[in-house]
Amino acid sequence: MGIKGEPITLEQFMDVIAILKDPEFIIDSFGILDTDKKGVIEEDELRSIIRKNAPNLKGREIEDIIEKPQATTNGKVNYKNFVHYWSE
């Protein structure tokens, strides 16, 4: 979140992802949601996470964040590929 609980911007979100020194930490965090340990989470679940943590992002911005890594198949997101894409 931004200063004093203000929503973050898309640019701030991208900055956070870009400066990650250890993307494995984020992957492990997604792993908590991956109860069947298949390496994927529901696309809607990722949307919900993004909306909760960056409420000022609009629909198309959220879709761009999810679609750019091309990590989605049949409504499921390969979170390892997703994180690696955004951390490069």
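Residues numbered from 1 in each chain as written. Predicted model: local features only at pLDDT ≥ 70, side-chain atom pairs only at ≥ 80, totals over all residues. Heavy atoms only, no water.

## Looking at unusual backbone geometry
Here is step 1: The backbone of glutamine 70 sits at a positive phi, close to 50°, despite the residue not being glycine.
Here is step 2: As for its position among the elements, glutamine 70 is in the loop between helix 4 (59-67) and strand 2 (72-73).
Here is step 3: Taking the relative accessible area as the measure of exposure, glutamine 70 reaches 72% and is therefore exposed.
Here is step 4: Its identity is not glycine, yet asparagine 74 carries a phi of approximately 50°, on the positive side.
Here is step 5: Residue class for asparagine 74 comes out exposed when judged on its relative accessible area of 76%. (Helix = DSSP H or I, 4+ residues; strand = E, 2+ residues; numbered from the N terminus. Buried < 20%, exposed > 50% of the residue type's maximum accessible area, 1.4 Å probe, protein only.)

## Quick look at the confidence of the model for the protein chain
Here is step 1: Per-residue confidence for the protein chain gives a mean pLDDT of 84; residues scoring 70 or more make up 86%.
Here is step 2: Per-element confidence in the protein chain ranges from a low mean pLDDT of 71 for helix 1 (residues 10-18) to a high of 96 for strand 3 (residues 76-78). (pLDDT = per-residue confidence, 0-100.)

## Here's the deal with the packing of helix 2 (residues 23-33) against helix 5 (residues 79-87)
Here is step 1: Their axes nearest at 9 Å, the elements helix 2 and helix 5 cross at an angle of 150°. Classed by the angle they form, the pair helix 2 and helix 5 counts as roughly antiparallel. As for how helix 2 packs across helix 5, the hand of that crossing is right-handed. Contact residues: helix 2 offers Pro23, Glu24, Ile26, Ile27, Phe30 and Gly31, while helix 5 offers Tyr79, Lys80, Phe82, Val83, His84 and Ser87.
Here is step 2: For the contact of helix 2 with helix 5, a count of residues per class yields seven nonpolar, three polar and two charged. (Axes fitted to C-alpha atoms, helices over the stretch in contact; angles between N-to-C directions. Parallel < 35°, antiparallel > 145°, perpendicular 65-115°, else oblique. Left-handed = near helix turned anticlockwise from the far one by under 90°. Contact = heavy atoms within 4.5 Å. Nonpolar A, V, L, I, M, F, W, Y, C, P; charged D, E, K, R; others polar.)

## Details of the pattern of salt bridges
Note on pairing: side chains with opposite charge can pair once their charged atoms come close.
Here is step 1: This structure, assessed with the given rule, holds six salt bridges.
Here is step 2: Residue glutamate 42 is joined to lysine 76 by a salt bridge in which the shortest nitrogen-to-oxygen separation is 2.4 Å. Taken together, the residues glutamate 42 in strand 1 (residues 40-42) and lysine 76 in strand 3 connect sequence positions 34 residues apart.
Here is step 3: Looking at lysine 76, the relative accessible area reads 34%, which means it is partly exposed.
Here is step 4: We note a salt bridge from arginine 47 to glutamate 43, for which the minimum N-O separation is 2.4 Å. Placement of both arginine 47 and glutamate 43 in helix 3 (residues 43-53) is noted, with a separation of four residues, approximately one turn of the helix. Considered together, arginine 47 and glutamate 43 belong to a single accessibility category, that of buried residues.
Here is step 5: Here the residues in one salt-bridge network are Glu43, Asp44, Arg47 and Glu63, joined through shared partners. (Salt bridge = Lys/Arg side-chain N within 4 Å of Asp/Glu carboxyl O.)

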